[in-house]
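Fold and geometry: a report
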Amino acid sequence: MKKTASFLVAVAVMSLASSLAHAYDPSPLQDFCVAIDEPKNAVFVNGKFCKNPILTVAEDFFFEGLNMPGNTENLVGSNVTLVNVDRLPGLNTLGISIARIDYAPYGENPPHTHPRATEILTVLEGTLYVGFVTSNPENRLISKVLNKGDVFVFPFGLIHFQFNIGHTPAVAIAALSSQNPGVITIANAVFGSNPPINPDVLAKAFQLDKKVVEHLQAVF
């Protein structure tokens, strides 16, 4: 009886470990798997169809342009130039991507989350106030002021932000642990969903007057 119980516990632990292992980008099953939109003569492994390795060229692993500043003339005063598998096919199955983030003076990358990735941020120029919020029920803000050369990690799936507290432009580079990390900007998702969320739901959730919610929905 004890042996049977021990076996069942072992199976349960192994099943849990297996489910956790599959919660992230699958590990590559070959040296590389270059993304290709045309499935003819391709082999599907994970992520996207793989280009025939014999036809692979250096350009499949190359991207240029991160030296170019992004346009920050928008309402939030920031621009994210993401290099994921859609822009750099050689990233397919490798579980990583990179982004350049430009900030106007007092611009921000507003509260958002990446559903499939952890993010590590390095400040190249300027001074940023950054932070993330832990999960319920604590909802604790963990924040820090970063200067040039500083590095900060935003844990997997948690809401986080960056705000340029300087009077000059700022630049940062972010690496993410997925070839397709995804992004959910909180305000856009909540107040700008299509179709809109019932204002009564949001009024109750945010403890706001319904008219305030309707105004925010009109803005987003």
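Anything mentioned here points back to the structure above.
About the thresholds
Residues numbered from 1 in each chain as written. Predicted model: local features only at pLDDT ≥ 70, side-chain atom pairs only at ≥ 80, totals over all residues. Heavy atoms only, no water. Helix = DSSP H or I, 4+ residues; strand = E, 2+ residues; numbered from the N terminus. Buried < 20%, exposed > 50% of the residue type's maximum accessible area, 1.4 Å probe, protein only. Contact = heavy atoms within 4.5 Å. Areas by Shrake-Rupley, 256 points an atom, 1.4 Å probe, with all protein chains shown as cover. Polar contact = N/O pair within 3.5 Å; in protein donor to acceptor, adjacent residues only side chain to side chain. Arc of directions from axis to C-beta. Pairing = 2+ DSSP bridges. Axes fitted to C-alpha atoms, helices over the stretch in contact; angles between N-to-C directions.

**A word on the overall build of the protein**
The number of helices and strands found in the protein is four helices and twelve strands. Counting across all 220 residues of the protein, residues that qualify as buried make up 31%. Excluding contacts between residues fewer than 6 apart, the proportion of contacts in the protein whose partners are at least 24 apart in sequence is 67%. Total accessible area on the protein is roughly 13,600 Å²; 63% of this is exposed by carbon and sulfur atoms.

**Focus: the side chain of serine 97**
Here serine 97 shows up in strand 4 (residues 97-103). At 2.8 Å, the side chain of serine 97 and the backbone oxygen of serine 178 are in polar contact. In this view, serine 97 contacts Leu82, Val83, Asn84, Leu91, Ala174, Ala175, Leu176, Ser178, Gln179 and Pro181; residues no more than four positions away in its chain are not counted.

**Quick look at helix 3 (residues 199-206)**
Turning to helix 3, its buried residues are Pro199, Leu202 and Ala203. The buried residues of helix 3 all sit within an arc of 105 degrees when viewed along its axis, so they share a single face. Projecting away from the buried face of helix 3 at angles above 90 degrees are the exposed residues Lys204 and Ala205. The N-cap residue of helix 3 is asparagine 198: its side-chain oxygen and the backbone nitrogen of aspartate 200 are 2.8 Å apart. With its phi angle positive at about 55 degrees, glutamine 207 sits one or two positions after the end of helix 3.

**A closer look at the sheet that holds strand 3 (residues 78-83)**
Ordered in space as 3-4-11-6-9, the five strands form an open sheet in which the pairing is antiparallel. Looking along the sheet, the strands with just one partner apiece sit at the ends: strand 3 and strand 9 (151-154). Between one strand axis and the next, the sheet turns by 20 degrees as a mean value, whatever way the strands run. Looking at chain direction, strand 6 (residues 119-125) and strand 11 (residues 170-176) are connected through six bridges and run antiparallel. Bridge pairing in strand 11 places isoleucine 120 opposite alanine 175.

Spatial relationships are all this shows, so hold off on functional conclusions.
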